[in-house]
Amino acid sequence: MGVATHRAAECNYRQKVETKEDLAVEEVQVIFAEEFDQLADQTAWEDGESPGQVKDQGIEGVTLYMREIAPKVQPAWVEAGHEISLENERFKVVIDLIDVLGRIRDLKTVSRTPPEEKVAKDLQLTTYAIAHRQLLGCPETGLFMDCIVRNKNVKVVSFKIPPRTEVEIKRTLDLVNNVAKAIREKIYYRQPHNFMCTPSGCGYYQICMGEEE
């Protein structure tokens with residue numbers, strides 16, 4: 001659902017850079033549905049999860065997004081890629097969207113509305129801010145996280161966050177450098193709270209959880 005949603009939004013915004021107008025909602029629904037259908041057979045569905053129901057939720061979410069968020073956004077850069085230089089590595093970042101006012105926007109599909117304080121500290125948004133500053137030579141003017149919430153009643157929630165401070169930028173670069181150093185030295189920490197930490201989501205689950213020698 002997340003990949004198909006991003007694809008639909010990307011197609012809309014890429015053409016909007018030039019046309020200054022959104023695609024018709026029906027066109028974006030078709031883009032989402034075609035992408036979803038291509039990916040459905042490659043997806044490891046959870047027990048009891050219905051691909052048809054998820055698809056319906058996705059179409060509803062894309063529809064709400066196109067009606068409530070997209071009309072307010074005029075993109076300047078779409079899927080802007082940049083490599084952040086670290087001490088010994090390069091870290092690739094792809095920003096969903098930068099608008100004409102210099103604001104970064106990230107689109108998420110989530111199962112529940114995230115707490116605002118968690119969004120405010122989101123590391124991915126901070127890496128986007130770092131990439132923006134290196135790519136364009138100036139700080140972002142703000143950050144947005146637009147969430148399509150796929151629970152019983154699908155809704156769209158948008159969080160507006162101030163530009164990152166220099167302290168936040170430095171702290172994130174230090175963190176990424178330390179993680180990169182650990183990987184180089186083959187030190188891998190368990191992350192049991194990560195959403196991918198499931199028997200079906202990670203090929204190392206049994207070993208990492210101590211269930212297999």
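Residues numbered from 1 in each chain as written. Predicted model: local features only at pLDDT ≥ 70, side-chain atom pairs only at ≥ 80, totals over all residues. Heavy atoms only, no water.

Chemist: I'd like a description of the sheet that holds strand β4 (residues 142–149), backed by residues and values.
Modeler: Read across the sheet, five strands follow the order β1-β2-β3-β4-β5 without closing on themselves; strand pairing throughout is mixed. The outermost strands of the open sheet, each flanked by one partner alone, are β1 (75–85) and β5 (155–161). Shown here is a sheet whose adjacent strand axes are inclined to one another by a mean of 35°, direction ignored. The pairing of β1 with strand β2 (residues 90–99) spans nine bridges and is classified as antiparallel. Residue pairing for β2: E83 is matched across the bridge by K92. Contacts between helix α1 (residues 2–19) and the sheet are confined to β1, β2, β3 (103–110) and β4, with β1 contributing the most and set at about 115° to the helix. Strands β3, β4 and β5 of the sheet are contacted by helix α3 (residues 51–68), whose axis makes an angle of about 50° with β5. (Pairing = 2+ DSSP bridges. Helix = DSSP H or I, 4+ residues; strand = E, 2+ residues; numbered from the N terminus. Axes fitted to C-alpha atoms, helices over the stretch in contact; angles between N-to-C directions. Contact = heavy atoms within 4.5 Å.)

Chemist: Which residues make up the side chain of D106, and what are the values?
Modeler: One can find D106 in strand β3. Sequence-distant contacts of D106, defined by excluding residues within four places in its chain, comprise D96, Q124, L125, Y128, F144, M145 and D146.

Chemist: Describe empty space enclosed by the protein, and please don't skip the residues or the numbers.
Modeler: Evaluated as defined, the whole model comprises two cavities of 30 Å³ or more. When its volume is computed, the largest cavity comes out at roughly 130 Å³. Lining the largest cavity are 14 residues, with A9, Y13, Y65, D96 and L97 positioned closest to its centre. Elements represented by at least two residues in the lining of the largest cavity include exactly α1, β1, β2 and β3. Considering every element that reaches the lining of the largest cavity, the biggest residue donor is α1, with four residues. Considered class by class, the residues forming the lining of the largest cavity number seven nonpolar, one polar and six charged. Taken as a whole, the second largest cavity holds about 30 Å³ of empty space. Every residue along the wall of the second largest cavity is listed here: L86, E87, N88, E89, N177, A180 and R184. In the lining of the second largest cavity, the residues fall into two nonpolar, two polar and three charged. (1 Å grid on protein atoms, 1.4 Å probe; cavity = no way out; pocket = protein on both sides within 12 Å on 5 of 7 lines; lining within 4 Å. Points joined across faces, edges and corners; volume = space filled by probe spheres on them. Nonpolar A, V, L, I, M, F, W, Y, C, P; charged D, E, K, R; others polar.)

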